[in-house]
Structures are given as C-alpha cells and as structure tokens.
Amino acid sequence: MKTSHVTALSMVLLVGAALGFGIARWTGDGHSPVAAAPARKILYWHDPMKPDVKFDKPGKSPYMNMDLLPVYADDGQQGPAVRMNGQVAQDLGIRLGKVERGTLKSHLATVGSVSFDEELLEVVQARVDGYVERLHVKTALAHVKRGQPLVEVVAPAWRAAQEEYLGLMDSQSPRGTEIRAAARERLRVLGMSEESIRRLETERKSNVSTTIYAPTDGVVTELGVREGATFAAGAPLFRINSLHRVWAIAQIPEVQLSGATAGSSVTVSSAAWPGVAFKGRVVAILPDVDLATRTIPVRVEIDNPERQLVPGMFVSVSFAEPTSASTLLVPSEAIIATGRRTAVVKVRAGGFDVVDVKVGTESEGVSEILAGLEEGDSIVLSGQFLIDSEASLRATTSRLDGEPEAPRQP
C-alpha cells in the first residue's frame, strides 16, 4: 500500500516537472504573447475630425462614420505628435512631398512709368536784366537741337560790355592785352554765347540784341518768357530735358526688394512698341515706401537713342535673375504661417510632427528653407492645417489633464 502511494507521488512529480519544463521553453522562445512588448495603455478613443470629444470604448464615430482612434498614455513621451493610419490619411486627402536641394529661380517683374532723366536737365537762365525782342521757340514740349536759336534778347549790360571789349580790340601793349582778355571773359560771365562773342570780334560792331542758343538736344519742358516780356537777372527762360536717356520708376513689392540691386541689368518693354526690348540698369533704390501698397520705387536708367520712350508711358520691367547657391527647397503650400511662427508638418513612422522652420525667399511656388528640415524629409503638402490643429489641441488637452506636454520637434 505504501509502495503504491510512493509510486503515484513520483508520477505526479515527474509530470509536473515535465510540464514546467515545457512551459519554460514555450515562454522563453519569443512566441508567447507575454514575451511581446507590453500592451500600451489606452486613455480614450476619439474622432480625428472632432478631437475634443472623448469616447471610453472603440467603435464608429457618430460624426464622420469612421473608426475611432485610440489615444495612448505614452503619446506625449514617444512617437509622433499626431498618429494616423493610412486609411484616415487617404480619407482626409493628405498629400506628401519631399525636401529637395536645388537652386531657387527668382523672377522679379513689375510695372513702372517713364520720366525724364533729371541728370540731363539744362536750364537757360538770364544773368542780366532785359526783355525779349524775338522768340524762336514759342511752345512747350517743342523739340530743339543743340545750337538752335531759342530767343533774341536786349540787355543794356550786354551792350555796355560789348562796347568795352570793342574799345580794347586794337590794344597791343601787354597791359592792354590783359585788360582785353578780362573784357572778353566778362562777356562770357554775363551769359553771352561763344558764337555771339566770335561774331562780335569778326564784325567789330556791337549788337543791340543777343541770341541765346539751345545748349543740348531735347524737349523744352518749361517756357518762362514771351515776346515783349521783361525778365530779371536769375530768371529761368527755358528748361530743356534730353530724351536720349530716360528713367523708369518701377514699383517693387517690399518683400521682393532683395531681387533688385543697384547696378543689376533690367529689360524694359512698352505696349507702344511691341517686340522691342529696351536695356537698362538699376541706378537707385529710393527710400520711400508706399504705405498703401507696400511698394518701394526703384529708379531704372534706360538708353533711348531713338527717343521712342517718352515721359508718362507705362512700361513692364523685368529684372535679371540673380544667381543663387544650392539650398533646401519645399513647395510653398507646405508652409504654415501663423504670424507668430512658421512651421511644416513632417512625416514620421506612424504619424506626423509639426516642426518649426526658418523660411528664406519664395519664388514661383517654391520656398527656401534655412533651418528646421533636412534633405529627403517627407512633408505634408495638403491637410497640414488639420494636423497642426490636432497637435495643438492634444498639447492643450495634455496640459489641462496634468499630463506632460510632448516636446515640439526642432
């Protein structure tokens, strides 16, 4: 009897040892659910389209008829800021792109208006008192040539200076020669032209009236006298502007001012002369911002040998594209600009992160990234505002629940 009990007890122990050995092998080979990563703690379920509403169990959303997504306790400590499966991303119409390295093609084109080149302005001024005997150019905006007679004037001071010079013409003494040269110079100082002085020397006869000639080719922009009118010393008689070179005042948006630099080449076209390209260059960026349009005037100097461009014409101004170094580029639609910060939604395994970036110049739908991203990064091109709102709301909810806020990715 005792032997049978011992035998039964030995069999029980043997079976228990074998069972324990088998369980140990099964739990140690990595196939047991216990050996897998511990289950993540689910705080609640929510609808990504209504993230402020929490549900205590999974199921269908009563708002969008889509599967509720779990929110885990460790979301704020590891993984992406916003988790989203592929089906949800597809339903939301999220498109992706990549950060690429390349050269930003900047093209700056604007409009402007033609004006006179003020550096070519010539003023014909009276240096003595007198009156107009005959006016050769009687209308403003008349074209004149260099050396063309403008007006004949009578001035007592000129008549007296002529008689003095004629009285010294035959002087041969060294002193007389010096005085004669001084008398001739006085005629020039009083405003007599060199041609009038030479005629006086040839004819040896003083003239009651003196002719004033155009000092340059151009247009009479101001006519200050009429026939029979008197004038005082210092009065402007004519203002003449040349047209062989003109200015175009181009209005450039403030944000694109870096595309226009002093000395850069410019191509100008006008609807009045289709197919004709005028060459010019930037000579000055004027310090005068238009508060209404936020534009800055830029002065462009244009060669106009055929006098085709005239003041008041509207022109299209195209600035030469500056060469730029290779840089990181993203589609401009990926940029989230709130005024306080600029961000991009970056793709991570299992979801998305909102990263702050530093943006450079923008041209033709492409923006330059100075900091915050690396070449090859995947980014969100559409739907990024929804993801950013979700990340901000999750951070706010975590703070209200006393949970640590997930650090924003650099």
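Residues numbered from 1 in each chain as written. Predicted model: local features only at pLDDT ≥ 70, side-chain atom pairs only at ≥ 80, totals over all residues. Heavy atoms only, no water.

### A short note on the sheet that holds strand E14 (residues 230-231)
Spatial ordering of the open sheet is given by E12-E11-E9-E14, a layout of 4 strands whose pairing is antiparallel. The sheet terminates laterally at strand E12 (210-213) and E14, the two strands that pair on one side only. (Pairing = 2+ DSSP bridges. Helix = DSSP H or I, 4+ residues; strand = E, 2+ residues; numbered from the N terminus.)

### Looking at the packing of aromatic side chains
Each aromatic ring pair is described using two quantities: the centre-to-centre distance and the angle formed by the ring planes. Under the defined criterion, the tally for this structure stands at 0 aromatic pairs. Stacked on the ring of Trp247, the Lys or Arg Arg299 has its end atom at 4.1 Å from the ring centre. (Phe/Tyr/Trp six-rings, centres within 6.5 Å; stacked < 30°, edge-to-face > 60°. Lys NZ or Arg CZ within 6 Å of the ring centre and 35° of its normal.)

### A closer look at the confidence of the model for the protein chain
Per-residue confidence for the protein chain averages 77 on the pLDDT scale, and 74% of its residues sit at or above 70. Every residue in residues 1-10 is under pLDDT 50, and counting partners more than four places away or in other chains gives 0 contacts. Scored below 50 in pLDDT, residues 12-37 shows 4 contacts in the model against residues more than four places distant or in partner chains. (pLDDT = per-residue confidence, 0-100. Contact = heavy atoms within 4.5 Å.)

### Here we look at the pairing of strand E18 (residues 278-285)
On a regular strand, each side chain points to the face opposite its neighbour's, so the side chains alternate between the two faces of the sheet. Pairing between strand E17 (residues 265-269) and E18: 4 bridges, direction antiparallel. Its bridge partner lying in E18, Val268 is registered against Phe278. Pairing of E18 with strand E19 (residues 295-303), which is carried by 5 bridges, proceeds in the antiparallel orientation. When the bridges of E19 are listed, Val282 appears paired with Val300.

### Considerations on the packing of helix H3 (residues 156-167) against helix H4 (residues 174-189)
At their nearest, the axes of H3 and H4 sit 9 Å apart, and the two run at 160 degrees to each other. Put simply, H3 runs roughly antiparallel to H4. Considering only the axes of H3 and H4, their crossing is left-handed. Contacts from Trp158, Ala161, Gln162, Glu164 and Tyr165 of H3 reach H4 at Arg180, Ala183, Arg184, Arg186 and Leu187. Of the residues contributing to the contact of H3 with H4, the split by class is 5 nonpolar, 1 polar and 4 charged. (Axes fitted to C-alpha atoms, helices over the stretch in contact; angles between N-to-C directions. Parallel < 35°, antiparallel > 145°, perpendicular 65-115°, else oblique. Left-handed = near helix turned anticlockwise from the far one by under 90°. Nonpolar A, V, L, I, M, F, W, Y, C, P; charged D, E, K, R; others polar.)

### Considerations on unusual backbone geometry
Residues other than glycine seldom take positive phi values, yet Arg294 does so here, at roughly 55 degrees. Tracing the backbone shows Arg294 in the loop between E18 and E19. Backbone geometry places Arg307, a non-glycine residue, at a positive phi of 60 degrees. On the secondary structure map, Arg307 appears in the loop between E19 and strand E20 (314-319). Classification of Arg307 as partly exposed rests on a relative accessible area of 34%. (Buried < 20%, exposed > 50% of the residue type's maximum accessible area, 1.4 Å probe, protein only.)

### Considerations on the side chain of Thr216
For Thr216, the location among the structural elements is in the loop between E12 and strand E13 (218-223). When near neighbours in sequence (up to four residues on either side) are disregarded, Thr216 contacts Glu122, Val144, Lys145, Arg146 and Ile240.

### Description of the pairing of strand E26 (residues 366-371)
One ladder, built from 4 bridges, connects strand E21 (residues 327-331) with E26; its direction is antiparallel. Counterpart to Leu328 in the pairing with E26 is Ile369. Between the end of strand E25 (residues 358-363) and the start of E26, which pair antiparallel, lie 2 residues, with Glu364 showing a positive phi angle near 50 degrees.

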